[in-house]
Amino acid sequence: MGKSQQKNNFWEMKASADEKSADLFIYGAIVSGYKWRDEDITLSDFKDALDALPNTVKTLNMYVNSPGGSVFVTNAMINQLERKKSSITINAYVDGIAASAASYLIMNADNIYMYKNTFLMIHKPMITLWSANATDCREQAEWLDKIESRTCIPAYKSKGTDQLTDEKISELLDGKDNWLDADEAAELFNITILEDEKDAVACADIELLQIYKNVPNQLFKQTDPEQSISAKEMAERKRIAEGAKANAAFIETILGGMY
């Protein structure tokens, strides 16, 4: 019999006798501040999970069902994974969606796997600005351009096939939300398709998902009774989602769509 599992809100050690592998679940938004749900991931959560891995672990399986989130936090997570890669093999499994920042987070893995019914969504890096003026927006746009050129594009290229030309990358980062199913993603990236379908739970951050455009309908049809939230929290989440939409429109007006 293996050792008992150690658990926290978003990761768990496999119950293996030798502790040579571990599971890391990224099943919520990547956040820099308040956690709406236990599934949301903060930088401290991620660091604590990696630091807690026994030295015996040689394989880290990272399971992702995330709408993305903070580009600041995602960049730091990538750096932490990079430091681990010298001693362990990292496998990324898309269990539902890997959208926005989560789409380039998984590119840091040694191996990427997608189930037939899962999706990758790629677009230009985004942030939400509250009470921002034109100067603030221009400064953040310049920073986002640096994130795109120094982090996102190199990450995508590192796992790109011959089909991922510079022109294709430009298409994926054209200001639209570009949704790729497993077959489409495997044409552009070195991704192994798992032929069975994943019975994934709905994305916990459905309001964040609703900010995006052209979302595949089946992603909204998934339901999980355990994911229900209070009416008060739902109202607050909708308020923030609407604020994010308004901010996006404001930035587009000021900067001509540079977001």
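Above this text sits the structure in question.
Attention in this report is confined to the structure presented alongside it. Just so it is clear, the model here is predicted, and its values are computed rather than measured.

## Some points on the overall build of the chain
- A tally of regular secondary structure across the chain gives 9 helices and 8 strands.
- In the chain, which comprises 259 residues, the proportion classed as buried is 49%.
- Nonlocal contacts in the chain, meaning residues at least 24 apart in sequence, comprise 70% of its contacts between residues at least 6 apart.
- Accessible area for the chain stands at about 12800 Å²; split by element, carbon and sulfur atoms hold 47% of it.

## Considerations on the pattern of salt bridges
- According to the stated counting rule, one finds 6 salt bridges in the structure shown.
- For lysine 124, the salt bridge identified is with glutamate 148, shortest N-O distance 2.9 Å. With lysine 124 in the loop between strand E6 (119-122) and helix H4 (134-158) and glutamate 148 in helix H4, this residue pair connects regions lying 24 residues apart in the sequence. Here lysine 124 matches glutamate 148 in class, with each residue buried.
- Note that aspartate 166 and lysine 157 form a salt bridge whose closest N and O atoms lie 3.1 Å from each other.

## Description of the pairing of strand E5 (residues 111-115)
- Of all 5 residues in E5, 4 are buried, a share of seventy percent or more.
- Bridge count between strand E4 (residues 89-99) and E5: 4 bridges; the pairing is parallel. Bridge pairing in E5 places alanine 92 opposite isoleucine 112.
- As paired elements, E5 and strand E8 (residues 191-194) share 4 bridges and run parallel to each other.

## Details of the pairing of strand E3 (residues 59-66)
- The element E3 is largely enclosed, with a buried count of 7 among its 8 residues.
- Where strand E2 (residues 21-26) meets E3, 6 bridges bridge the pair, whose relative direction is parallel. When the sheet's bridge partners are listed, phenylalanine 25 is paired in E3 with tyrosine 63.
- Here E3 pairs with E4 via 7 bridges, running parallel. Paired with methionine 62 across the strands is alanine 92, a residue of E4.
- Following the backbone out of E3, through helix H2 (residues 71-84) and into the adjacent parallel E4, one traces a crossover that is right-handed.

The rules we used
Residues numbered from 1 in each chain as written. Predicted model: local features only at pLDDT ≥ 70, side-chain atom pairs only at ≥ 80, totals over all residues. Heavy atoms only, no water. Helix = DSSP H or I, 4+ residues; strand = E, 2+ residues; numbered from the N terminus. Buried < 20%, exposed > 50% of the residue type's maximum accessible area, 1.4 Å probe, protein only. Contact = heavy atoms within 4.5 Å. Areas by Shrake-Rupley, 256 points an atom, 1.4 Å probe, with all protein chains shown as cover. Salt bridge = Lys/Arg side-chain N within 4 Å of Asp/Glu carboxyl O. Pairing = 2+ DSSP bridges. Right-handed = clockwise from strand over helix to strand, strands pointing away.

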